[in-house]
Number of protein chains: 2
Amino acid sequence: MRIDGRRLIKNIEDLGKTGLDAQGRRSRTAASDADKAARDLVCMWMEETGMRIAVDKIGNIFGIWDSPDNKDEEPFMTGSHIDTVINAGKYDGCLGVLAGIEIVRTLKENGVKPVRPVVVAAFTNEEGVRYAPDMLGSLVYAGGLDAETALKIRGVDGSVLGDELKRIGYAGSGEPGFARPCAFIELHIEQGPILDQEGIQIGVVEDLQGISWFEVTIEGRQNHAGTTPTAMRIDAGLAASKVNVFLRDRCLLPGSRTVATVGTIAFEPNAVNVIPEKAVFTVDLRNPDEEALSAEEHALMDYLRELEKTDHVKVTVCRRSRFKPVLFDAGIVDMIEKGAADRSLSCRRITSGAGQDAQNLATVCPTAMIFVPSIGGISHNPQEYTRDEDVINGANVLLDVALLNVSAPE
Amino acid sequence: MRIDGRRLIKNIEDLGKTGLDAQGRRSRTAASDADKAARDLVCMWMEETGMRIAVDKIGNIFGIWDSPDNKDEEPFMTGSHIDTVINAGKYDGCLGVLAGIEIVRTLKENGVKPVRPVVVAAFTNEEGVRYAPDMLGSLVYAGGLDAETALKIRGVDGSVLGDELKRIGYAGSGEPGFARPCAFIELHIEQGPILDQEGIQIGVVEDLQGISWFEVTIEGRQNHAGTTPTAMRIDAGLAASKVNVFLRDRCLLPGSRTVATVGTIAFEPNAVNVIPEKAVFTVDLRNPDEEALSAEEHALMDYLRELEKTDHVKVTVCRRSRFKPVLFDAGIVDMIEKGAADRSLSCRRITSGAGQDAQNLATVCPTAMIFVPSIGGISHNPQEYTRDEDVINGANVLLDVALLNVSAPE
């Protein structure tokens, strides 16, 4: 049994056409008009496939294919997200949702009568660009945060998530965690260079690195850029720059598996001839080992305390998000490996460098992920690309694992 | 003869009340509504003092006190600017304009019949926060830039200076350079710590350090913050941070008289989990010695070229503004020193760390400046403060120099 590759590729292309701005940049941040357009399209395809749509309180979309015979069984769930970063590619997240719909089509066309429902999920605000924390929809689904609190979260644009979900018509009534699955598998592009560099077709994701996000505010003294002697300056912008350089130096220490990113920054008053009084920036720290990740966090805090002494600045740190490293379900990981082997696809065990909805699902049911190669490891970028044959291979392995989960035991 | 201190202080307080935003921050960038409010107030005071108002094509305001007998003589000019940085103090620039009006009041009240007109000037866009280059009004007045080109300059907010001057009613008809003066004296706060630290009442400004502004754009590669190994990153934000640290290290070299400031910065796409693809920031370099300043510029360019190799980024540099160091007129400098001595005020020769309208006037007539102490050297900051007695001392020395210039030779 194999999925219809042309049909899946076409869906990816069409979904990729939503959320393009005037300059042709693709941006579908959570609960935006662009996100609504993408959600409407996905719901239409789910309904065409004969699935019923359920939306929960946090806006997660579930396409449910069940029957009177199996409707009381724990469903098999697959899926991902369709929100994007700013100026994004078209595979990140979307592949997992669209491949889920495609396997339901394939199962139906092949007359499969599943012993349990199949649910395809599209989770809200995975990227976390508009609302923090990221992976919010799956976090609420898994009970890691209550919906009422989550709906009150204020976005970087000042909007409130609950209001925006109402506005775009995706504030549902489903209680978080309903349709608790027997298993969850997420198909995703690697978003890293390993599979592409090693020429491997399928990544069997056995774990996921921990993620730590901070917002750091450094306060100095606003003063004249020309008349203030260097020795008298308290330059918040310079201190922020030192932190960025410090983080990179840490990552370059021999044996370090940490990656660190300062992705956002703002100076105040942000004038060419005024020494910055304030610098606000974010830090994204990741490491597959919990001990190493917290060591990294402590090193950063120590450095910031040191900066207060050496540069006379005031530093405030606010935790934006924290996820421990995740170990996926060994049984599901074996199923994926077997599926790849049966189709004689090359595969390897791999760690997810990115945060994924699967890490939240892993707290409620056996979970694992399938990766397919990202050319050049490029992601969160319009040049993000995965070869059609790799997309199709990944979806076929997902189909195999789904079959193992929905077939009656021989 | 002495000025009316209470009257001058009251004017400074009242002008300081214009341009306050909702948070009480004082911001009067050039040709804004706040700038218009301040211009209207200053013109009202000039007219109350019996001066006629002339506005030139670039929006410079001239309050002219002349008589049928002296109107054909070269005027004596004083003044400064009333535009401000964002979240500014109330003395920078305003002191020079308001003290100019105050000395005209004093000369009239004392029945002085000047042998030449007295002109008080308020020059457009001295701070350069909204439109680059800074000191634009005096630059055009002095013929350093033609008015037509200057009026087309686009501001950081996308506005066009000429349109904004029309909008606020200060697009005048006067040709740049009209009313060419016999001499120009600018009274200004030091904006630096030297007079305050040394407990000296009057700074006799004999020269002014050179200023070099650049806008630097660094382009890297947008990529995923979690999945991109450190070795594969091309982080434009990190490269920008390295430049900021490099500039400070240069300023800390033994014997360096350079000051350097990165006052503005912006990352793209500016998302917490995306490696910055682009960083745009400004550099403000100053040094009193032309050779040392250009050496500093070359060191920066060499470092940026080096960054292109080491960090694989693309760097584009755009010159925003450049002023050579200025030597003021020895005769005027002597007059100021004599005026201070006659009033038994402590004084010292000093270099202006800031750019000043006086540096442009120095290219058309004998020019110098009078500084009064800035407490703690704080400026471009709401805490900017100069003691009332120092304000009054400065205005009285300006009065003395004016008298020397407008009295009939004995």
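Since the model is a prediction, treat every value here as computed from it, not as a measurement.

## Notes on the interface of chain A and chain B
Chain A puts 64 residues into the contact, and the matching count from chain B is 64 residues. Of the roughly 5,400 Å² buried between chain A and chain B, counting both surfaces, carbon and sulfur atoms make up 56%. When residues of chain A are sorted by the area they lose upon contact with chain B, A:Thr230, A:Arg248 and A:Val272 head the list and together hold 13% of the total. On the surface where chain A and chain B come into contact, there are zero salt bridges. In this assembly, chain A and chain B are joined by 29 residue pairs in polar contact (both at pLDDT 80 or more). Contributing elements (two or more residues each) for the side of chain A that touches chain B: strand S8 (223-224), helix H8 (236-251), strand S9 (259-261), strand S10 (265-268), strand S11 (274-275) and strand S12 (278-287) of chain A. In terms of residue count, the dominant contributor to the side of chain A that touches chain B is H8(A) (eight residues).

## Points about the environment of A:Asp146
Residue and element names in this part refer to chain A. With respect to the secondary-structure elements, Asp146 resides in the loop between helix H4 (136-141) and helix H5 (147-151). For Asp146, a relative accessible area of 40% gives the class partly exposed. Through-space distance from the C-alpha of Asp146 to that of Ala292 is 29 Å; in sequence the pair is 146 residues apart.

## With respect to the relation of the copies chain A and chain B
In this structure, two copies of a chain are linked by a rotation about an axis accompanied by a shift along it. For the pair chain A and chain B, the superposition axis carries a translation of 0.1 Å, the fit reaches an RMSD of 0.1 Å, and the rotation angle comes to 180 degrees. In short, the pair behaves as if placed about a two-fold rotation axis. Rotation axis and chain A: the residue whose C-alpha lies nearest the axis is A:Ser241, separated from it by 2.2 Å. Of the residues that chain A buries at the interface, 100% are likewise interface residues in chain B, meaning the two copies contact each other through the same surface.

## Here we look at the pairing of strand S7 (residues 210-219) of chain B
A regular strand carries its side chains on alternate faces of the sheet. Residue and element names in this part refer to chain B. Of all 10 residues making up S7, eight are buried, and the element is well covered by its neighbours. One ladder, built from 10 bridges, connects S7 with strand S12 (residues 278-287); its direction is antiparallel. Its bridge partner being in S12, Trp213 is matched across the sheet by Asp284. Where S7 and strand S13 (residues 314-323) come together, nine bridges link them in antiparallel fashion. Counterpart to Ile218 in the pairing with S13 is Val315.

## What to know about the domain arrangement of chain A
How big an interface is tends to be stated in terms of the accessible area lost upon association of its parts. Residue and element names in this part refer to chain A. Structurally, chain A comprises domain 1 (5-208 + 325-406) and domain 2 (210-323). For domain 1 versus domain 2, the separation of C-alpha centres amounts to 34 Å. Each side of the interface is counted separately: domain 1 has 15 residues, and domain 2 has 11 residues. Here domain 1 meets domain 2 over a buried area of about 920 Å², counting both sides, of which 61% is carbon and sulfur.

## Comments concerning the packing of helix H1 (residues 5-16) of chain B against helix H2 (residues 33-48) of chain B
Residues and elements named next belong to chain B. The N-to-C vectors of H1 and H2 enclose an angle of 155 degrees; their axes lie 10 Å apart at closest approach. When the interaxial angle is binned, H1 and H2 end up roughly antiparallel. Between H1 and H2 lies a crossing whose hand is right-handed. Of H2, the residues touching H1 (which contributes Asn11, Asp14 and Leu15) are Ala38, Leu41, Val42 and Trp45. In terms of residue class, the contact of H1 with H2 is built from five nonpolar, one polar and one charged.

Here is what the cut-offs are and how they apply
- Residues numbered from 1 in each chain as written.
- Chains lettered and ligands numbered in written order.
- Predicted model: local features only at pLDDT ≥ 70, side-chain atom pairs only at ≥ 80, totals over all residues.
- Heavy atoms only, no water.
- Contact = heavy atoms within 4.5 Å.
- Buried area = accessible area lost by both parts, 1.4 Å probe.
- Salt bridge = Lys/Arg side-chain N within 4 Å of Asp/Glu carboxyl O.
- Polar contact = N/O pair within 3.5 Å; in protein donor to acceptor, adjacent residues only side chain to side chain.
- Helix = DSSP H or I, 4+ residues; strand = E, 2+ residues; numbered from the N terminus.
- Buried < 20%, exposed > 50% of the residue type's maximum accessible area, 1.4 Å probe, protein only.
- Least-squares fit on C-alpha atoms with pLDDT ≥ 70 in both.
- Pairing = 2+ DSSP bridges.
- Domains from an automatic or database assignment.
- Axes fitted to C-alpha atoms, helices over the stretch in contact; angles between N-to-C directions.
- Parallel < 35°, antiparallel > 145°, perpendicular 65-115°, else oblique.
- Left-handed = near helix turned anticlockwise from the far one by under 90°.
- Nonpolar A, V, L, I, M, F, W, Y, C, P; charged D, E, K, R; others polar.

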